[in-house]
Amino acid sequence: MESLLECKDLSVRFYNREANVLNGIDLSISRGEKVLILGPSGSGKSTLLSVLSGIIPEHVEAEVEGEIRLAPQCGVMFQDPDSQFCMLHVDEEIAFSLENRLIPRAQMDAMIEAVMKQVGLDIDGHTPIETLSGGMKQRLALACLLALEPEVLFFDEPTAQLDPVSRKEIFQLLHELADQHGQTMVFVEHTLDGCIQWMDRVILMNAQGSMIAQGEPAEMIQRYRAEMQEAGIWQPKLFPYTWDDVQDHPSHPLAQRLQQTLQQRRASALDADQEGKGGSAVIVTEQLDIGYRQKSVMRDMNIRIPSGEWVAIVGANGSGKSTFLKSLIRLERIRSGQLYFQDILLKKWSDRDLYEQAGFVFQNPELQFVTDTVFDEIAFGGRQRNWSEEEVHARTVKLLQEFGLESYQDQHPFTLSLGQKRRLSVATMLLFDQSLLLLDEPTFGQDARTSAELIKRLQQRQAQGTTIVMVTHDMDLVDEYANRVIVFDQGKVIYNGAPYHLFTHPESIGHHAIIAPLHYQLMKPEKERSII
């Protein structure tokens, strides 16, 4: 096959770092090939995409060594879609891509409508981009790429901010594009099921920015399973098996593991039911309406969140999850109704007292960074509270070590990878012993190892009495760790209870952007099974 782009002995170092991000990469990608790059957080996956797409060093300065041959035209979908938008409204952003192709203005409206429909962006074309949810922005970014009709499409975690159903639809859409048009695609992705099975090749990276191996997906998963686990690389939940393998053969190893997990969840749910409800509540809402600007997103909310619980907020993109989280800490105003925090009306709390008791981790971690180094970012809160410098230093160093950020302590937070930024944003909140932690997609962009370490720290805080309220699209995370799950749908709370009872009633989740974890799908009649 014709080689479309390649690099030989590629090494990259950013000027603000001593060590290389990439080391000695040899890679050739053929026309029409679909390639998936896997590696732990900080392994240089996104940097490799930036080099192959020409962003480095043309637009981002870095010391680049080796030979590189690029494709004439390419499109890139970044981890953070906001970083690539330059217009105010949805239709204008897509039109900008068409203008780069010199498309006549008279033809643009039909083409804009077509690509919006193609990616499931069912909104008014003149909607302001800043009002879109994270997932909707990802769809817009994809629409802009498709409008460019490039030779190579680069995707840096294209489904990271999408709900499970939307993620499945986007993977299916990209698969169809690849099949129908022979489109060359290069992916960096943590969620592998729904994607890896139609890749032509998988490339494994290690934490030092070197290539471990490359090859056909099934062979790579089976041959390098131990190396992937050691490196903290996420592994697919089903592939290289098929669902027919599992459902038709109860003795299949994966079928047995799923049945065992299901039995464990059932036993845990029974124990939780017997414990019953009670205790004080950290959050109570009464006929609460929330929204932003002139838009109401959730209405007539009556929720009680007991102290010490781990609560997951789930629902489709744009259903109001992040807005609700922000309302709990006054980052979005309450339109009507009452909201109580620790039995006191939220509006009666002073800012200082409220933020002593509640911490917030944004979906976009850059929104909360205020200093010029990673060390100072974690230390900032302690210094604001006039802690001694010895205590600030000791606690900061401990968190740097726990979150794998010690070697980056002198770097600017904005220079970190997205996964590292996420870890830093959580670490800044764990400096304190707050009674409530609000986290918006805390595991987004994390490799398996750092995600597990993050969850471990949150479990420790919960064991100490901290209430955790977490927005997430990760149903496995909800199933394994949450005591309670609250489902938002079309401005209403349509479920508030244990994850087990939600996932074992498929009629409750079929239309709410939720796909139950794999082990629950063994319970469904065959005609109702829907595999990721």
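Going by what an unreviewed UniProt entry lists, the protein is known as Putative ABC transporter ATP-binding protein and is assigned to Paenibacillus nuruki. Heading Subcellular location (unreviewed entry) of the UniProt record for the protein holds this comment: "Cell membrane". For the record of the protein, the UniProt heading Sequence similarities (unreviewed entry) holds the text "Belongs to the ABC transporter superfamily."

In space, the six strands of this open sheet follow the order 16-17-18-13-19-20, with mixed pairing throughout. Looking at which strands have only one partner, the edges of the open sheet turn out to be strand 16 (358-361) and strand 20 (492-497). Each strand axis lies, on average, 15 degrees off the axis of its neighbour in the sheet, ignoring direction. Where strand 13 (residues 310-315) and strand 19 (residues 484-489) come together, five bridges link them in parallel fashion. Its bridge partner being in strand 19, isoleucine 313 is matched across the sheet by isoleucine 486. Relative to the sheet, helix 15 (residues 418-429) contacts strand 16 and strand 17 (436-440), its axis offset from that of strand 16 by approximately 175 degrees. Against the sheet, helix 16 (residues 448-463) makes contact with strand 13, strand 17 and strand 18 (467-471), and its axis sits at roughly 125 degrees relative to strand 13, the strand it touches most.

We note that the domain assignment places domain 1 (3-234) and domain 2 (280-497) within the protein. Its C-alpha centre places domain 1 at a distance of 28 Å from the equivalent point of domain 2. Between domain 1 and domain 2, the contact holds 27 residues from the first and 26 residues from the second. A combined buried area of about 2,100 Å² lies between domain 1 and domain 2, and 46% of that area is made up of carbon and sulfur atoms. Here domain 1 is connected to domain 2 by one salt bridge. The residue arginine 449 makes a salt bridge to glutamate 230 at a minimum N-O spacing of 3.9 Å. If you look at where domain 1 meets domain 2, you find seven residue pairs in polar contact (both at pLDDT 80 or more). Mapped onto the side of domain 1 that touches domain 2, the elements with two or more residues apiece are helix 5 (134-148), helix 6 (164-181) and helix 8 (225-231). Class assignment of the residues belonging to the side of domain 1 that touches domain 2 gives a composition of seven nonpolar, 13 polar and seven charged.

Calculation rules
- Note on numbering: residues in each chain are counted from 1, in written sequence order.
- This being a predicted model, a pLDDT of at least 70 is required before a residue's local features are given, and a value of 80 or more before pairs of side-chain atoms are given or counted; all residues contribute to the totals for chains, interfaces and linings.
- Computation of side-chain values: all heavy atoms of the structure, hydrogens and water removed.
- UniProt positions are given in the numbering used here, feature names are shortened, and annotations may be inferred rather than shown by experiment.
- Here, strands pair whenever DSSP counts at least two bridges between them.
- Only runs of H or I of at least four residues qualify as helices and only runs of E of at least two qualify as strands under DSSP, and these elements are numbered from the N terminus.
- For every element, the axis is a line fit to its C-alpha atoms; helices are fit only across the contacting stretch, and the angle between N-to-C directions ranges from 0 to 180 degrees.
- We call two residues in contact whenever any of their non-hydrogen atoms come within 4.5 Å of each other.
- Domain borders in the structure are assigned automatically or taken from a domain database.
- A 1.4 Å probe defines the accessible area here, and the buried area is the portion of it lost by two parts on being joined, summed over both.
- Salt-bridge detection follows one rule: a side-chain nitrogen of Lys or Arg within 4 Å of a carboxyl oxygen of Asp or Glu.
- Residues adjacent in sequence count toward polar contacts only when both atoms are side-chain atoms; beyond that, a polar contact is any pair of N or O atoms within 3.5 Å, and within protein one must be able to donate a hydrogen and the other to accept it.
- Amino acid classes used here: Ala, Val, Leu, Ile, Met, Phe, Trp, Tyr, Cys and Pro are nonpolar; Asp, Glu, Lys and Arg are charged; the rest, including Gly, are polar.

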